[in-house]
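The chain contents come next:
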Amino acid sequence: MDLLIKNGTVIDGSGGGRYRADVGVKNGQIVEIGRIKGPASKTIDADGMVVSPGFIDGHTHMDAQVTWDPLGSCSCWHGVTSVMMGNCGFALAPCKPEEREWFAQCLEAVEDIPADAIMAGVDWSWETFPEYLDAVERVPKGLNYGAYIGHSALRMYVMGERALSEKATDDDLAKMAAAVSEAVNAGAVGFSTSMSTTHSTPAGSPVASRYADWPEVDRLVGAMADLNAGIFQVGPDVSSGTAQKGFFKELQRVALESGRPVMFGTIATRMLDDPTSWQFQTGMIDDTVAKGGRMYGQSSTRPISVVFSMKSNLPYDVLPAWKEIRALPLDEQKRRLADPDTRAKLIAEEATMRPRIAEFQGGGDASTNPMRPDYENLLAMKGVDWNDPSVAELARQRNTSPVETVIDLMLENEDQMFLQPLVNTEKDDVLGMLKHPRTLATFSDSGAHVCQEMGSSLQTHLLSYWVRDRQAFTLEEAVRMLTFDNASAWELPNRGLIRTGYAADLVVFDADTIKPQMPTVVQDLPGGAKRLVQKANGIAATVVNGKVAFENGVSTGDYAGQLLRGPIAAA
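Residues numbered from 1 in each chain as written. Predicted model: local features only at pLDDT ≥ 70, side-chain atom pairs only at ≥ 80, totals over all residues. Heavy atoms only, no water.

> It is not clear to me how the overall build of the protein should be interpreted in this structure. Could you clarify?
Helix and strand counts for the protein stand at 18 helices and 26 strands. Dimensions of the protein, computed from the C-alpha atoms along their principal axes, are close to 70 × 60 × 45 Å. Among the 571 residues that make up the protein, the fraction classed as buried is 59%. A fraction of 74% describes how many contacts in the protein between residues 6 or more apart in sequence connect residues 24 or more apart. Summed over all atoms, the accessible surface of the protein reaches about 21,100 Å², with 47% contributed by carbon and sulfur. With 53 positive and 74 negative side-chain charges, the protein shows a separation of 4 Å between the mean positions of the two kinds. (Helix = DSSP H or I, 4+ residues; strand = E, 2+ residues; numbered from the N terminus. Buried < 20%, exposed > 50% of the residue type's maximum accessible area, 1.4 Å probe, protein only. Contact = heavy atoms within 4.5 Å. Areas by Shrake-Rupley, 256 points an atom, 1.4 Å probe, with all protein chains shown as cover. Lys, Arg positive; Asp, Glu negative; His and termini not counted. Charge placed at Lys NZ, Arg CZ, Asp CG, Glu CD.)

> Can you walk me through the packing of helix α10 (residues 330-338) against helix α11 (residues 340-350) in this structure?
Between two packed helices, what matters for the description is the angle formed by their axes and the separation of those axes. Their axes nearest at 5 Å, the elements α10 and α11 cross at an angle of 85°. Accordingly, the angle class assigned to the pair α10 and α11 is roughly perpendicular. Facing Arg336, Leu337 and Ala338 of α10, the residues of α11 in contact are Pro340, Thr342, Arg343 and Leu346. (Axes fitted to C-alpha atoms, helices over the stretch in contact; angles between N-to-C directions. Parallel < 35°, antiparallel > 145°, perpendicular 65-115°, else oblique.)

> I'm lost on the sheet that holds strand β16 (residues 417-423) in this one. Help?
In sheet architecture, strand pairing relies on hydrogen bonds along the backbone and comes in two forms, parallel and antiparallel. The strand order across the open sheet built from three strands is β14-β16-β15, with neighbouring strands paired in antiparallel fashion. If you trace the sheet from one side to the other, it starts and ends with β14 (304-309) and β15 (379-380), each paired once. Note: β14 against β16, six bridges, orientation antiparallel. Note that in β16 the partner of Val307 across the bridge is Leu419. (Pairing = 2+ DSSP bridges.)

> It is not clear to me how the pairing of strand β3 (residues 29-34) should be interpreted in this structure. Could you clarify?
In summary, the side chains of a regular strand alternate between the two faces of the sheet. Relative to β3, strand β2 (residues 19-26) runs antiparallel, the two being bridged by five bridges. The residue bridging Asp22 from the neighbouring strand is Gly34, located in β3. Taking the residues between adjacent antiparallel strands as the criterion, β2 and β3 are bridged by two residues, where Asn27 takes a positive phi near 50°.

> What exactly am I supposed to notice about the pattern of salt bridges here?
Note that side chains of opposite charge can pair when their charged atoms are close. Inspection of every chain in the model, using the stated rule, returns 32 salt bridges. For the salt bridge of Lys6 with Asp22, the shortest nitrogen-to-oxygen distance reads 3.3 Å. Taken together, the residues Lys6 in strand β1 (residues 3-10) and Asp22 in strand β2 connect sequence positions 16 residues apart. Classification of Asp22 as buried rests on a relative accessible area of 7%. The salt bridge partner of Arg480 is Asp485, with a shortest N-O separation of 3.2 Å. Each of the salt bridges in this network shares a partner with another, and the network as a whole consists of Asp218, Glu250, Arg253 and Glu257. (Salt bridge = Lys/Arg side-chain N within 4 Å of Asp/Glu carboxyl O.)

> Mind showing me how you'd approach empty space enclosed by the protein here?
Where empty space is left can be seen by rolling a probe of water-molecule size over the atoms. Going through the model one piece at a time under the given rule, you end up with four cavities of 30 Å³ or more. In this model, the largest cavity occupies a volume close to 120 Å³. Every residue lining the largest cavity is counted, 16 residues in all, and those nearest its centre are Gly447, Ala448, Val450, Met454 and Ser456. At the level of elements, β18 (443-446) and β22 (531-533) are the ones that each hand at least two residues to the lining of the largest cavity. Looking at which element gives the most residues to the lining of the largest cavity, the answer is β18, with three residues. Split into classes, the residues belonging to the lining of the largest cavity amount to five nonpolar, eight polar and three charged. Reported here for the second largest cavity is a volume of approximately 110 Å³. Taken together, 14 residues form the lining of the second largest cavity, with Phe90, Cys106, Ser152, Ala153 and Met156 sitting closest to its centre. Mapped by element, the contributors of at least two residues to the lining of the second largest cavity are α1 (100-111) and α4 (151-159). Among the elements that line the lining of the second largest cavity, the one with the most residues is α1, at four residues. (1 Å grid on protein atoms, 1.4 Å probe; cavity = no way out; pocket = protein on both sides within 12 Å on 5 of 7 lines; lining within 4 Å. Points joined across faces, edges and corners; volume = space filled by probe spheres on them. Nonpolar A, V, L, I, M, F, W, Y, C, P; charged D, E, K, R; others polar.)

> For this particular structure, what's the right way to read the packing of α11 against helix α13 (residues 402-412)?
Close contact between α11 and α13 brings their axes to 10 Å; oriented N to C, the two are set at 135°. Our classification of the angle between α11 and α13 gives oblique. Handedness of the α11/α13 crossing: right-handed. Residues Arg343, Ile347 and Glu350 of α11 pack against Val403, Glu404, Ile407, Asp408 and Leu411 of α13. (Left-handed = near helix turned anticlockwise from the far one by under 90°.)

> Would you explain helix α15 (residues 458-469) in this entry?
Helical geometry note: an α-helix holds 3.6 residues per turn, so side chains three or four residues apart project in the same direction. Buried residues dominate α15, accounting for ten of its twelve residues. All of the buried residues in α15 are Leu458, Gln459, Thr460, His461, Leu462, Leu463, Ser464, Tyr465, Trp466 and Val467. At the C-terminal side of α15, Gln471 shows a positive phi close to 55°.

> Is there a simple way to explain helix α5 (residues 170-186) in this structure?
Spanning 17 residues, α5 covers 24 Å between terminal C-alpha atoms, matching the ideal 24 Å at 1.5 Å per step. Restricting attention to buried positions, one finds in α5 the residues Asp172, Leu173, Met176, Ala177, Ala179, Val180, Ala183, Val184 and Ala186. Tucked inside the fold, the buried residues of α5 contact α3 (129-138), β9 (144-150), α4, β10 (190-194), α6 (214-227) and α18 (567-570). Among the residues trailing α5, Gly187 stands out with phi positive, at a value near 130°. (Expected span 1.5 Å × (residues − 1).)

> Quick question: what am I supposed to make of the packing of aromatic side chains here?
In this structure the tally under the stated criterion is 14 aromatic pairs. Judged by centre distance (5.0 Å) and plane angle (75°), the ring pair of Trp126 and Tyr132 falls under edge-to-face. For the pair formed by Trp126 and Tyr132, the shared burial category is buried. Put simply, the rings of Trp214, Phe247, Phe248, Phe264 and Phe280 pair up and form one aromatic cluster. Just above the ring of Phe473 sits the side chain of Lys435; from NZ or CZ to the centre is 4.6 Å. Across from the ring centre of Trp77, 4.8 Å away, lies the NZ or CZ of Lys535, which sits over that ring. (Phe/Tyr/Trp six-rings, centres within 6.5 Å; stacked < 30°, edge-to-face > 60°. Lys NZ or Arg CZ within 6 Å of the ring centre and 35° of its normal.)

Right under this line is the structure:
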């Protein structure tokens, strides 16, 4: 036997009750469960620990990162063993050699993945999507990866610059449909697109997929329907109640006509003038299923928030006086921020920012007309327990202005983080979505927004906050949500359960201490660019395809991750 995990409490992913057992692994598979007495090359004593299937995250953007980061960070530190990338139509394939930098710039604009890091870290040894899958298969991987073919990438590949302004011709549609068929035959898990008004190019125009009409979507999803394989994932329209209702009506039609599984992010917001409730969204899922379709929502386990800090980005960084200060070394920034004259200038400049309006973005964007943060909703992060005070609240306590409070907090602690929740801000809304039987706990965006957001700790937050602190779910329920539910939705054979014959993707964790750590800022991207990193406590070991990938949060250097090809190629 290659690996023996002894004396653990097995929570097998099914939702069934826990039991005490050993788990034996050989050749990457679970071969025995029970009281195992034979020898093993490596033994982990899991006494007092939970042994569960590896967690599965179906909404990531690790398409570029997988080529330079064998760990699969930050997901790897939160018990994740398998991810799906290429969501929302954004991908690195297919891509012509002369258009690589353009693709990288578009990814930077939408997903906050620095174009310089992409160009420096990606070897670009592919043009077509099957060639990209082959490249992913070759690189060392600490996790398992599946990939969608993305609509924006596909449109730009086939149509060039016309993709960002024109309707597709019949010839364009034929070429794109052929590429979708080729990708699914080669192992793509499906086709993804975005209709979200938040997704724009570096020039501020809609991304390529947003120029597509529904007949184009029908043609491309139809290519999967012809093969009876592949999942359709879409970044939903979030513009207003009227537009969203029209979007969901069309999405339901696509699901019913194509017969393919459809997935989208369920979002609760009070930011819009005419928001479509998450209850409407989940109601549409239920109605689609009742009519014979397959449809899933994807939910976060906490607010989706912009993260600000002195070491990364601040809402004021595009203001001239602030920009000058922020270009200096950290110690010099602190010295200037402590100077009364400089502070007065910075505070006065903050007053020129326009009031915040009802739209999806953080406290300030990279425009010449940035928005002032909503200080009642800008939180000074004190921990990871979803109970942080607002800057406005602290300002009232200190009898200072909110921007002064931000400055003072940073001078008191140069690692101080600030959160600007954007959507899913209310606990009851998040819990309602997570409780719905057809939503998936999987909306991490891991690999994207690398210096803006930190959703990669979704799994450990669910287990610490919603299970241990709030007792909203049993541990068995939460493990099922992170494992078997997601494995079933993405049709991953032999994963998501602890069963003999299944792939040995396993997590050994302490249910009493598992919890995300505070995020930090590091400069470890190719070319030295910054990103946010968040690790976790309470995970003793993560096993990927029978190999121990992490022990107590530290990589063993044993990369046994695999490319998860779709059902046609896997067969």
